[in-house]
Structure formats: C-alpha cells, structure tokens
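Here is what each chain is made of, one letter per residue.
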Amino acid sequence: MTQPVTVTTAGDPLPELPGGAPYDVTVIGAGVVGTAIARALAHHPVRTALVEASDDIGDGTSKANTAILHTGFDAVPGSLEARLVREGQRKLAAYAAGTGIPVERVGALLVAWDAGQLAALPALLAKAEANGYHAARLLDADEVAEREPHLGPGALGALEVPDESVICPWTTPLAFATQAVRAGVHLHLDCRVGRIEPAPDHHTLTTGRGPLRTRYLINAAGLHADEIDRQFGHDHFTVTPRRGQLIVFDKLARDLVRHILLPVPTAAGKGVLVAPTVFGNVLLGPTAEELDDKTATESTQEGIALLREKGRRILPRLLDEEVTAVYAGLRAATGHEDYRIQAHPGLNYIAVGGIRSTGLTASMAIADHVTALLADTGLALGTPVALEPLTMPGLGETGERPCLDAGLIARDPAYGTLVCHCERVTEGEIRDALRSTLPPRSVAGLARRTRAGNGRCQGFSCGAGLRARIEEGSRT
Amino acid sequence: MTRRERSVDVLVVGAGPAGLGAAAALAASGVRRVEVLEREQTAGGIPRHCHHKGFGSRRTSGGISGPEYARRSAAAATGAGAVLRTGITVTGWAGPRILDTTGPGGLERITARTVVLATGARERPRSARLVPGTRPAGVYTTGELQQAVHLHHQHIGSRAVIVGDEPVADAAAGTLRAAGVEVVARVTDRPPVRPAALEPLHSAPLLTRTAVTALTGRPRLTGVAVRHEDGRTTTLPCDTVVFTGDWIPEHELARRAGLPLDAGTRGPAHDAAYRTGEPGVFAVGNVLHGVESAGTAAAEGRALAVPVLRHLATGDWPADRPAVAVAAPLEWITPNLIGPGDDRPLGDRFILRTGRSLTAPLLVVRQDGVELHRRRLLRPARPGRPFHLPAGWLDRADPHGGTVHVSLD
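Residues numbered from 1 in each chain as written. Chains lettered and ligands numbered in written order. Predicted model: local features only at pLDDT ≥ 70, side-chain atom pairs only at ≥ 80, totals over all residues. Heavy atoms only, no water.

Turning next to helix H2 (residues 66–79) of chain B. The α-helix winds at 3.6 residues per turn, so residues separated by three or four positions along the chain end up facing the same way. Residue and element names in this part refer to chain B. With 14 residues, H2 ought to run about 20 Å at 1.5 Å a step, and its terminal C-alpha atoms sit 19 Å apart, in line with that. If you follow the buried residues of H2, they end up packed against helix H1 (17–28), strand E3 (83–86) and helix H6 (294–303). After H2 finishes, the residue Gly81 shows a positive phi value of roughly 115°. (Helix = DSSP H or I, 4+ residues; strand = E, 2+ residues; numbered from the N terminus. Expected span 1.5 Å × (residues − 1). Contact = heavy atoms within 4.5 Å.)

Looking now at the pattern of salt bridges. Proximity of charged atoms lets side chains of opposite charge pair with each other. Residue and element names in this part refer to chain A. Scanning the model with the defined rule gives 68 salt bridges over all chains in all. For Glu197, the salt bridge goes to Arg195, with nearest N and O atoms at 3.2 Å. Residue Glu197 is classed as partly exposed on the basis of its relative accessible area, which comes to 40%. Among the charged side chains, a salt-bridge network with shared partners connects Asp56, Asp59, Lys63, Arg448 and Arg449. (Salt bridge = Lys/Arg side-chain N within 4 Å of Asp/Glu carboxyl O. Buried < 20%, exposed > 50% of the residue type's maximum accessible area, 1.4 Å probe, protein only.)

A few words on the confidence of the model for chain B. Mean pLDDT for chain B: 95, with 98% of residues reaching 70 or above. Predicted as a complex, the structure gets a pTM of 0.96 and an ipTM equal to 0.95. (pLDDT = per-residue confidence, 0-100.)

Attention now moves to the interface of chain B and chain A. Put simply, an interface is often sized by how much accessible area is lost when its parts join up. Every contact between the two is made by 46 residues of chain B and, on the other side, 44 residues of chain A. Linking chain B with chain A are 6 salt bridges. When the shortest N-O distance is used, the salt bridge between Arg424 of chain A and Glu252 of chain B registers 3.8 Å. It is helix H3 (residues 142–151) of chain B that provides the largest number of residues to the side of chain B that touches chain A, a total of 4 residues. When the residues that make up the side of chain B that touches chain A are grouped by side-chain class, the tally is 14 nonpolar, 18 polar and 14 charged. (Nonpolar A, V, L, I, M, F, W, Y, C, P; charged D, E, K, R; others polar.)

Moving on, we get to empty space enclosed by the protein. Residue and element names in this part refer to chain A. By the definition in use, this model includes 3 cavities of 30 Å³ or more. Asp56, Ile57, Gly58, Ser62, Lys63, Pro169, Trp170, Pro173, Leu174, Arg448 and Arg449 are the residues that line the largest cavity. Elements with a contribution of two residues or more to the lining of the largest cavity: helix H5 (171–182) and helix H11 (443–450). Across the lining of the largest cavity, the residue classes break down as 5 nonpolar, 2 polar and 4 charged. (1 Å grid on protein atoms, 1.4 Å probe; cavity = no way out; pocket = protein on both sides within 12 Å on 5 of 7 lines; lining within 4 Å. Points joined across faces, edges and corners; volume = space filled by probe spheres on them.)

What follows is about the sheet that holds strand E4 (residues 68–69) of chain A. Picture the strands of a sheet paired through backbone hydrogen bonds; they go either parallel or antiparallel. Residue and element names in this part refer to chain A. Taken in spatial order, the 3 strands line up as E4-E9-E5 in an open sheet, and their pairing is antiparallel. Each having just a single partner strand, E4 and strand E5 (103–104) make up the two edges of the open sheet. As paired elements, E5 and strand E9 (residues 165–167) share 2 bridges and run antiparallel to each other. Bridging from a neighbouring strand, Val103 pairs with Ile167 of E9. (Pairing = 2+ DSSP bridges.)

All names here are of chain B. Mapping Glu182 onto the fold places it in strand E10 (residues 182–187). Each C-alpha atom of the pair Glu182 and Gly223 lies 14 Å from the other, and the pair is 41 residues apart in sequence. Residues in contact with Glu182, not counting those within four places in the same chain, are Ser158, Arg159 and Ala160.

This paragraph deals with the packing of helix H1 (residues 32–41) of chain A against H5 of chain A. Residue and element names in this part refer to chain A. For the pair H1 and H5, the least separation of the axes is 8 Å and the interaxial angle reads 30°. With respect to each other, H1 and H5 are oriented roughly parallel. As H1 runs across H5, the sense of the crossing is left-handed. Every residue of H5 that contacts H1 at Val32, Thr35, Ala36, Ala38 and Arg39 is listed here: Thr172, Pro173, Phe176, Ala177, Gln179 and Ala180. Class assignment for the residues of the contact of H1 with H5 results in 7 nonpolar, 3 polar and 1 charged. (Axes fitted to C-alpha atoms, helices over the stretch in contact; angles between N-to-C directions. Parallel < 35°, antiparallel > 145°, perpendicular 65-115°, else oblique. Left-handed = near helix turned anticlockwise from the far one by under 90°.)

Ile37, Ile218, Tyr339, Ile341, Val352, Ile366 and Leu374 of chain A are the most contacted members of the largest nonpolar core, which totals 79 residues. Element by element, the count of residues in this core is highest for helix H8 (residues 359–377) of chain A, at 9 residues. Those residues in contact with Ile366 of chain A that lie beyond four places of it in its chain are Val33, Leu84, Tyr339, Ile341, Val352 and Ile355 of chain A. Core analysis: the second largest hydrophobic core is formed by 48 residues, Ala24, Ala43, Ala254 and Ala297 of chain B among them. (Core = buried A, V, L, I, M, F, W, Y, C linked by side-chain atoms within 4.5 Å.)

It is worth spelling out the environment of Asn65 of chain A at this point. All names here are of chain A. Looking at the element boundaries, Asn65 is found in the loop between strand E3 (48–51) and E4. Discounting residues that sit within four places of it in the chain, Asn65 has contacts with Pro169, Leu246, Leu283, Tyr327 and Leu360. Reaching out from Asn65, the side chain makes a polar contact with the backbone nitrogen of Ala67 at a distance of 2.8 Å. (Polar contact = N/O pair within 3.5 Å; in protein donor to acceptor, adjacent residues only side chain to side chain.)

With that out of the way, let us pick up helix H7 (residues 305–314) of chain B. All names here are of chain B. Buried residues of H7: Ala305, Pro307, Val308, His311 and Leu312, and no others. Those residues of H7 hidden inside the fold are in contact with strand E1 (4–13), H1, strand E6 (106–117), strand E17 (281–283) and H6. The first or second residue beyond H7 is Gly315, which carries a positive phi of 75°.

Moving on to the packing of H3 of chain B against helix H4 (residues 167–178) of chain B. All names here are of chain B. Packing of H3 against H4 leaves a shortest axis separation of 10 Å and a crossing angle of 25°. Between H3 and H4, the crossing angle belongs to the class labelled roughly parallel. As for how H3 packs across H4, the hand of that crossing is left-handed. For the pair H3 and H4, the contacting residues are Thr142, Leu145, Gln146, Val149 and His150 in the first and Val168, Ala171, Ala172, Thr175 and Leu176 in the second. Of the residues belonging to the contact of H3 with H4, the class tally is 6 nonpolar, 4 polar and no charged.

Encoded structure:
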C-alpha cells in the first residue's frame, strides 16, 4: 500500500502525528547516508522522520565529491569501513542498475610517477587481496601508455583496478529519499536541529520549525555529527572538515582520459586524481585542506593553482580545455582511520559519524548496518516489506538521453524541445523534475536533478529561462 | 521509430546575424534548398536580447534595436526563400556533411551538399575564468543578464559590479540600469584607455589594472574581492556581478567534426572564403572569432554566397593551406588560412585582436623568411576591440609556402 507522500518545507510547523504520538525513529541529516538509512527503515512499519537543515536533500558533503563508486581495494583491511565499502559497492551497483542511477565502470589506474611509487604498487596489490578484491593487477610502463595515450611523460607503471566506477552523486540520494518518502517516511526540509533533550521514553528535538519528538534517534548529520553527539553527553569524536576543491573540465576533454587516474597514496593522503564523470566531463581534484570552519566551501586561488599544477603533470592536454565548474566539498574527517558508527542502547541513539569520501559507495551497507543496530537497541522493526520499484531519469551521458529517443518524443514532444543546450536537457525532463516527489526549489536543485544549467555556458544561454521555470514551479 | 532522412543543398546551423545573412544571400542567389536550423525558439541570435539601438546602422544613424534587427534578419532570410526552423538542435554528425537533429517533431538526419556553421560565441562564465570563492546567486554573464531582464523581466538585485571594459560591458551597464540596479564599480585588469577625467560623467568608477580575486557570500553574493596590480586589495560590497566579454566561439560542432581550430580564436581555422579544414563545411560569423559586431557577422554571412555557389558548382576544396599566425601581444587574426586563388577577406582586410594597448603599432608580415608587408597603423589598438591589417600583401604570399607570421616590430 502506498503511503501519502509527506515532504514539508520552510514556513510550515512540523505536523502532528495521529494521537500526538512521537516518531519511532528520526534520522538527522538527509545526505547520502541519512537518505539511505531512511530508505532502509521505510521497509519496516515504523514511523520515521528524516530531518534536514537545508532546503534540499544531498545538499552538503553529498553533492560535492569525486563521485566514485569504490571497490574498497585500498581500505584498511579488517576495518568497518573496509567491510561496509565492499558490501556497499555491490549493493549500490545492483541498486543503480535497477533504478537507472548512472554508473560507468571505467576502471582505475594507480599511476606510479617515480621509483618509490613504483615500489609501493606490489604492497597495494597485496592490500587489495587482503580486502577480498582479486581483480587488480600490475601494469608496466608500456601497458600504461597504451591504456592512456594522453598521459604526461614519466609514468613508470600502474596498478589496475578494473572495477572502480564513476557514479552520479546526485541521483543516488535522490533515489533513496524518493523511495523513502513514497513509502511513508516524513521528510522535513529547512529543519535545523538545535537543542536535543534525551529521555528514556522519547527525545525532544528543538528544530527551526518547532519541537519534534522521537523514540529513537539516528545521527547522520555529517559535518555536524559531533555537535549532535555531544548533546548526549559524549565526547567520542570531533569532525574536522577537510576541504576538497575540484575542477570540472568541459565534455570536449572527455576523450583525453579513459580510466580514473589515481595517484599512489602517500603519508600526505590520497592525493589528486583525474577521473571521467558520468555526465561526460573530466574531474581534477581534490585538494585536502584541514579547516575548522564547517561552512568553508569556497574555492581558493592556491587550491586552483595546485590542482592545475598536478593536472598538468598527469594529463598535460587537459589544461588546454575549457573549465566548466570549480567547486569545493568538505569531508567529515574525525582524525580516526575508521567510520564512527556507534549504538547507545540505553540512550536509544545511534551515532553515524566520520563517514568520509567512501560514504557514497558504502551508503546502502551503512544503512543496513545501522538498521540492524537499531533492532539490537530494542526497537521492534517488524517484518520488512519490499518497496515499490523506482526508475530515475537517465542523466548519464552514455545512457539513453530523452533528446535522442524518437519513441519518447513521438509520445511527448516536450522531450524534443531542448532548454539547456550544453547538457541537452529537454522541456519534458524539467517539467518532470518540477512535478516529482521531491521537486527542486532552486536552480541548483534543478541542476542536480536534470543537469540543466551545469554545462560549459553556465547559464549564458539558458540560465534566465531555467530560473523562470523554477519561479513558475514554486508559484503553482 | 527512427530518424527521418532528408537532404538539402545548404544547411546553415545557427540563425544569428551570420547564419541568417548567409541564408538570405544564398537563397537570393538561386540556391534552391537552403535551410537554417536554430536551437532557440526564436531566430536572431544574441541581438534578440540586446535592447539597445545601434544595430544595422552605418555609424551615422542610430540604427534599430537588437530585437527589431533580429526580426528583420529572419524576415530577410525567409523572404528570400530560405527555410527557417527554430527549436531544432543539431546533436551531432553522422557523416562529413550529415547532421543529426532533435526537435519536438522528432529526430532527423539531414544530408547537405554544403554545411555552414554559424553557431556564434558566448562569454566565458566565472568558472572558466577560474575566479575562486563561494558559489552564490547573483553571478551573471551579459548574455544571461540581458535575457533575465529583457526576455523574462526577472528581479536582478540592487548593487552590481561589472567585470570587463569591452563594448559589451557598456551594454551590461545599460541593462542593469534598465533593471533598476545601481552599478557600483567597473573592474578591468587592463590599464586605462583614457584619462579618468574623460570617463563619462554618470558612469560608475572604473578600476583599472585590477583583477577579481574572489566572490564572497552565500547563498547570495555579498562582495567581489579585487586586487590592484600594485598589491592593494579590497572587497566591493554588491549583490550582483556581471562577467562581460572574454568571448569564446561555440565550437562544439566544429570540434566534434574534427575541424582544425585556430589556436588564437579557438574557432575553426578558415580562409578568406570561409572554408574550414573539412570539404563542404564553411564557417561564418562569431564562431570564427569571438566577438565581432552583428553587422560584421551579417556581412560575413552575405559574403559567403559566392564561395558556396562556387563550391556547389565545382566541388573544389583546397587541401593544405598555409596558416596565418600571430605573435604576442597579438592574440588572433582572422581569416587565419591563406586560400588558393584570389579570394579576399571581407573589406579587403584582416581583423586582429591585441592583448594590450598599442599606440601606432608597426605590423610586419613574413613568410618563409621573406617580408611581405610592413606598415605602421595610424590608430591605436586596444584589447577587446577590432583593428585591421590591409590584405594587399596577399598577392605576394605563396599559397604553397609555410606559415605566414604577423607580428609587431
């Protein structure tokens, strides 16, 4: 049975549940992890709320990352992260195939540029094996040159990881949240959580839109997970935002690179990569800057200069191509090597902290892990039921784009009218997004749902028209 | 369902001033099937949203507004017998002169005896200029600003900074004023072209030799951080910023076809007859050089009729042609290939751009060590504005020789 769809936004006070009952479970944070947890809970007959400070899902760390579906070959063997990334990769790959989330299995090359890096490759191969990943292999310099003809001079060899893939970072949480909401989860946007009063029967959350009561609480607040955690009297971890700046190059650069080109990791971190995107662009980044400001998502001259210097070494011709976008995301680093997922049965509370760059890959496995912890904590989840299947719009460049689908256009000419020329987004797709379960409320939200406005012209041709459609959509 | 297949004599991609000019002249010259494809719903190109006068003038008169110019250009093309189809997007090439299209009526595959690329140019947005900072609302190019104000009547903001000092920056200022937005400053990293005392009285202060170093504010712009050449920095408080000029040809189709581009213009390399590196594919207007005036683009379009007719009649296409290359501070020159025969560029002169202001520059043209031409220009040359090199020396160039180099002496 389909539940009524409940998405509430700014201005409205939070709704009362029948009989003034509290929610059974509330998830704080509608990023990729929070939406995945909400979706997992939607399988069960419990009253679940998903609360989000922003006006859209996936609007924090989840929207600005390297968009890689990791195999987990380089995780710390035996860690929780290693297990959840490995499981999550399989789950998300299968889910993506079923729902139409764009994924491209391009494979990765860890390229060694000096003797030290070359010498480190066999240990990385052994680490992959220890993580249960057996398809990796070593390539010599000639094989690397053959695989990547535009690589800069001096590559000595590489570790090939053929299953590393790129994925759409926006469609993934959107699919999770859409399915959750359609199955009865209440999504409350513009709902920043302030004070929390923990209590044995139910917690009371003070939010920007009034009080919210819940029997169980799951903290998936990403960069702010430590602040939520402290309200339970804990001092388990501190989130130190680690900024990653990235440059997106034009689609005309796409033919320059075939794989995800990873650096050989060093003590200084994972380093700067060059990767294709599912939208047909090329990504260069990220930087790794330890900060103390959880809002510092601005790019900097130094960051851009560093990326260009690294990029010139890896793929010299990339630097001659036009830049489509520059952005920065913040990873929720905790100073610990592993995820910080902890159930507190006495408190009816689960902290899901320290989910860093692998969070997108691991999201579905984290959700299942957390759901199991919740059952252990004492909440009777009941028998899970299947969710209604979902088909997401095809945003992948190599997938079936509506503007190239003659049958679709014949049934509905709006799919033959292009609005965003650079990204080839049609009137029909924009209309569908505005009428969807989770309609966009800004031009940026529309871009994450359709690609519209994300192209090389950055709105020169279509920006005003897109804004007009959003304004029209919010009036009706 | 599949693609409808059709064929035409001349397929023009883009119904801006150049494409419409070409279509009008070709149809008037008796080419039977001339078709113009325009991806926007309305033909006319950038003039559609340029609500200032000065279009179609001969300098002496005030001319007409952009939208009126766009309407007249479209009417001239259809009046001459060309077929104009709007809302049709070319999505790619199926062969050297075969284009795939999408429109509300479905998918087509159009085979043309001759293809004319007239896809125009756009201003580089903030991201392509690598301006760091936050990603706030309130950031525009002139093109987006004009459409927001003139086509959609949207609210813009209250205080704006304009980046750039090319003529298009004046158009941006006019649009902002029309929208009730105060222009608080204009910023350019170039030196002043005239003494501050000679700046128009009512215009906002012009900060020269000043680079934009960051945008601040979220979710709305709150300021533009700038740095003067001498190291002084400040932040200009504003809620709107318009990045003007810094044009780049819309060269996607040209590149997808594998047409060689000119390193300076980033448009297709071409000769005086607008022939590209691919037989049967011409290019005209601002896809060759971002950006010349609508009048120049239209004149190029009209001038295309003769070489296209000749090509339709003979099928001839030159193979290797020597390039014309410029040295810094010159940025580009167009045409940038030397064709065989006696084709002359429009107005019998080449168009150039310089990266810095030049007072009476002495231009030298050399090929294979031989000096073909040496001449001091009487007028100063400024960045972002055209200046010209007479084409008289073309007779002395060897169409089978090496690259022709144009430099300052």
